[in-house]
Amino acid sequence: MQINSLSTELCLQRSIWDWDYQSHNRSMIIAHGGASSHEPANTLPAFRAAGDLGADVIEMDVRLTNDGEIACYHDDLVNDKGSLRELQRMSWDELVGAAPATPKFSEVSTLGYPMFLDVKETDPARIVALIETSLIFADPDRLLVGVRSCIESDDVYDRFPTIRQVALMLEVDDIIAFGRLRSNQWARLHQPRASAERISRLRAAGLRIVVTSGIGGKSNGEIDPYEFQELIKWKPDGVIVNDPSAALHQFQP
């Protein structure tokens, strides 16, 4: 398996989350749900394939089961033998019975990769519980945790001040307010909402910028070669993509 910088980057600098475009001459490659163009998203095969395909970081959606396991699963509802059930009301055994490809966070963490956690929980106590549980299995320097408001950011910072955060808010003013509150953090934009002017404004607020690819009818994480070339002219510090190898190819001269 080609590890690339997934696990070695942490040894080469203070934190992989200090990555910026200028120092690496390219954006950080973040595998969206793992290498989800090659394997089903949020599965162990997708996360393993991300390393083989040259990703720097893996991104995953995470939720808590009712017995406290962190599940890598996107949706709040699970099809259980034809009935839709809320994941947060299911035990781990019930979830894996309904969706057997779902991995535990504890399993994914053993791969040794830096991880971007898109926390799908909305209740503050459950968010704190999820992060506390994640730290049983992963050093905080390996984690970048998504937050959806400045209030949520405060809650996370009060309990976990060393964990880096990424603002997932949609409105630029909300993201700038986050940047004023938390220095040296990240902000995510989706490609249709990204522009050179917007990236410049967020950088002026002290943030690193990651952009989820996908524009012109492409779904999140998909790459349109022409539009991706236009995106990387703005030098985002990270890009979230379904196919890490295709993204790396775009940075080649």
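Described below are features of the structure shown in this document. (Residues numbered from 1 in each chain as written. Predicted model: local features only at pLDDT ≥ 70, side-chain atom pairs only at ≥ 80, totals over all residues. Heavy atoms only, no water.)

**Regarding the overall build of the protein chain**
The following threshold applies: What counts as a helix is a DSSP run of H or I of at least four residues, what counts as a strand is a run of E of at least two, and both are numbered from the N terminus. Only C-alpha atoms enter the radius of gyration, while the globule expectation follows 2.2 Å times N to the 0.38, with N the number of residues. Only protein chains enter the accessibility calculation, which uses a 1.4 Å probe; a residue is then buried when its area is under 20% of its type maximum, exposed when over 50%, and partly exposed in between. Throughout, a residue-residue contact means that at least one pair of heavy atoms, one from each residue, lies within 4.5 Å. Reported accessibility uses the Shrake-Rupley method at a 1.4 Å probe radius. Residues are deemed covered only where the shown protein chains occlude them. We treat Lys and Arg as the positive residues and Asp and Glu as the negative residues; His and chain ends play no part in the count. One atom stands in for each charge, and that atom is NZ of Lys, CZ of Arg, CG of Asp or CD of Glu.
A count of helical and extended segments in the protein chain gives 11 helices and 11 strands. A compact globule built from 253 residues should have a C-alpha radius of gyration of about 18 Å, and the protein chain, at 17 Å, falls within 12% of that. With 253 residues in all, the protein chain has 52% of them scored as buried. Residue pairs at least 24 apart in sequence account for 58% of intrachain contacts in the protein chain once pairs closer than 6 positions are excluded. Surface accessibility of the protein chain: about 11,000 Å² in total, with carbon and sulfur atoms responsible for 49%. Across the protein chain, the centroid of the 25 positively charged side chains sits 3 Å from that of the 37 negatively charged ones.

**A closer look at the packing of aromatic side chains**
For the record, the criterion: When the centres of two rings from Phe, Tyr and Trp lie within 6.5 Å, Trp using its six-membered ring, the rings pair. Their planes under 30 degrees apart give stacked, over 60 give edge-to-face, and anything left gives tilted.
Considering all chains together, one arrives at 2 aromatic pairs under this definition. Consider the rings of Tyr-21 and Phe-251, whose centres lie 6.4 Å apart with planes at 50°: the pair is tilted. Here Tyr-21, found in helix 2 (residues 21–24), pairs with Phe-251, found in the segment after helix 11 (244–250); they are 230 residues apart in sequence, far enough to count as distant. No difference in accessibility class separates Tyr-21 from Phe-251, as the two residues are buried.

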